[in-house]
Amino acid sequence: MHLVFLFLLLCFCCTIVNVLFPFMAFMVEDFGYSEAELGRYVGVLAASFGFGQMCSSLMWGKLSDKYGRKPVLLFGTFSAGMCMLIFGSAKSYGQAVLGRYLSGFLSGNLGVLKSVLAESTDDTNRIQGFGMISNAWFAGCIMSPLAGGLLAGKSASLSASPLSWLTNEYPYLLPCIVCCCFNIFATIVAYFALTETRWEPLVPQKGASSSGVRDIELSSERDELLGHKRGTKGGGYGGVDADSAECSDEETQRRAVTAANSRANASPEKRRRLPPIPIPIPEISTTDKLGAAGATEVASTPRSSTELMKDRWVLLTTVNYGLLIFGTILVDESLPLLLKFSHSHGGLGCTKRQIGLLLSGTGSVVMFYCIIILPLMESMNKKNMFTLASLGLIPAVLCYPALASLHQIYTSDALLWSLLIVDNILRNMFTSVVFTVCMIQVNNTVKAHELGAVNGIGQLFASTARCIGPAIGGVLWTYGVSESNLYLNFSIVAIIMCCSCTINNLLPASLETDLE
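Residues numbered from 1 in each chain as written. Predicted model: local features only at pLDDT ≥ 70, side-chain atom pairs only at ≥ 80, totals over all residues. Heavy atoms only, no water.

## Points about the overall build of the protein chain
Then, number 1: The helix and strand tally for the protein chain stands at 19 helices and 0 strands.
Then, number 2: Residue burial in the protein chain is summarised as follows: out of 516 residues, 54% are buried.
Then, number 3: The long-range share in the protein chain, meaning contacts at least 24 apart out of those at least 6 apart in sequence, stands at 82%.
Then, number 4: With the model as given, the accessible surface of the protein chain reaches about 21,300 Å², and the carbon-plus-sulfur share is 64%. (Helix = DSSP H or I, 4+ residues; strand = E, 2+ residues; numbered from the N terminus. Buried < 20%, exposed > 50% of the residue type's maximum accessible area, 1.4 Å probe, protein only. Contact = heavy atoms within 4.5 Å. Areas by Shrake-Rupley, 256 points an atom, 1.4 Å probe, with all protein chains shown as cover.)

Okay, here's the thing in structure tokens:
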């Protein structure tokens, strides 16, 4: 049940991110901007959410490490939903930008949720766990285009209903109300049902040797989340195995003194080969489940974000995650513009409803892939999976403008929509693989007590990409339109995928498993 509630939070979080894409260009046009100016202003509006997240992502990661994942998730879910009302009721372009910025700033959910998933899974089911993010994302991609595409704007079907005044006065508020209600529901459910996963180390008793102190993390919930029980015999903490856990404090203290005396009389070389000194710990029954991986490293103060970013593998994996977000943002922004643009400008001339149905329909197919097929890849080499998927994304994204050019010659709508659906399904499948592998790699660079911080760094790069990506994409789209070149944005995404694939091949094989 814990993972079900995580899925709900992820799903509604993704809905807030994506709900505006089907109607964003129409909304900006209603503010009085011409079709030639759409790229620039749509880009700034889409970037405002990422800019808000960029300003606060490190803060939310640190707060979740200090105070717990659950309080941060509850606050972010509720506040982001309420800010959607500011965006949906916008009467001016400035108010719309402010609403999206506040939604991004007050929501630290994405980075924190990745920490929760890392703490709720291990090497045997991590792809399945992080694949849930793809499932939730595409579930959000089903709901948000439907809400944004079918409920936004002045609807003739609602003209005789009590909602007619709302759609006439605030044509883009209704889908935002739906998102807000989803988030309020998710907040209430999560408050009662979500389990806190941040682990607290037990403080050793006074007088224990500090040189052998190790984190002792008790989490009966985690074994339940992992779906299997770990053995504890021989997998003790600080040199205390499952049998010695039954010993009294006096017996453990005696063993600690004996071990310390042996160390004092040994040579430096022999001392290094001696087992760690047992620690006096509170009485623990053998029925207790101890920690996550049988033994943890010597307790240490979590590194600061600056220190973490000096770690080569942390930097490479988080930068790669930001690159993937940047490429995805360019596609997510450029595709609706390509679909909306008139035939005279080289576009496909689609309506809001058609755009919404395309995005949501293909998302539902990819959800099936993420639930059924992706977990079967658990034993595959993750670096190879990333390489194949990132290279597969290159032709998939370049097919979008190619299909628009083809439609100028062959005007068959049936052929066009068949190819569009297949291409969008393939693109989303490849995207789910690269993001799943990349998120696993990010979380495998650090130990449990630094997960919040490292996901905060990843979210910082992701938020930066969400901030500058739409703005850059909008400027490039405007330039491409002026030059009658709709391939420009999609070609840049292909280059980004090549760079991301190169970074992936630089990573060590040790990131295939979590850092114990």
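Alright, that's what it looks like, and here's the rest.
## A word on unusual backbone geometry
Then, number 1: A positive phi angle is found at S484, which is not glycine, with a value near 55°.
Then, number 2: Structurally, S484 is set in the loop between α18 (451–482) and α19 (488–506).
Then, number 3: On the basis of relative accessibility, which here comes to 70%, the residue S484 falls in the exposed class.

## Quick look at the packing of helix α4 (residues 69–88) against helix α5 (residues 93–105)
Then, number 1: Where α4 meets α5, the closest approach of the two axes is 8 Å, and the angle between their N-to-C directions is 175°. Looking at the two axes, α4 sits roughly antiparallel to α5. In this structure, α4 contributes A80, C83, M84, I86 and F87 to the contact, and α5 contributes Q95, A96, G99, R100, L102 and S103.
Then, number 2: Classifying every residue of the contact of α4 with α5 gives 7 nonpolar, 3 polar and 1 charged. (Axes fitted to C-alpha atoms, helices over the stretch in contact; angles between N-to-C directions. Parallel < 35°, antiparallel > 145°, perpendicular 65-115°, else oblique. Nonpolar A, V, L, I, M, F, W, Y, C, P; charged D, E, K, R; others polar.)

## Digging into the packing of α4 against helix α6 (residues 109–120)
Then, number 1: Direction vectors running N to C along α4 and α6 enclose 145°, while the axes themselves pass 10 Å from each other. The hand of the α4/α6 crossing is left-handed. Where α4 approaches α6, its residues R69, V72, L73, G76 and T77 are matched on the opposing element by N109, V112, L113, S115, V116 and E119.
Then, number 2: A class-by-class count of the residues in the contact of α4 with α6 yields 5 nonpolar, 4 polar and 2 charged. (Left-handed = near helix turned anticlockwise from the far one by under 90°.)

## Let's talk about the confidence of the model for the protein chain
Then, number 1: Mean pLDDT over the protein chain: 75, with 75% of residues reaching 70 or higher.
Then, number 2: Mean pLDDT per element in the protein chain: helix α10 (residues 220–226) is the minimum at 46, and α19 is the maximum at 94.
Then, number 3: Across residues 268–273 the pLDDT falls below 50, and counting only partners more than four positions away or on other chains, this stretch makes 3 contacts in the model.
Then, number 4: In this model residues 277–299 is a low-confidence stretch, pLDDT under 50, and it forms 78 contacts with partners more than four residues away in sequence or in other chains. (pLDDT = per-residue confidence, 0-100.)

## Considering the nonpolar core
Then, number 1: Counting 111 residues, the largest nonpolar core has L45, F87, L339 and L420 as the members making the most contacts within it.
Then, number 2: The element best represented in this core is helix α14 (residues 312–340), accounting for 12 residues.
Then, number 3: Setting aside residues no more than four positions away along its own chain, F87 makes contact with L20, F23, M27, L45, A96, G99, R100 and C176. (Core = buried A, V, L, I, M, F, W, Y, C linked by side-chain atoms within 4.5 Å.)

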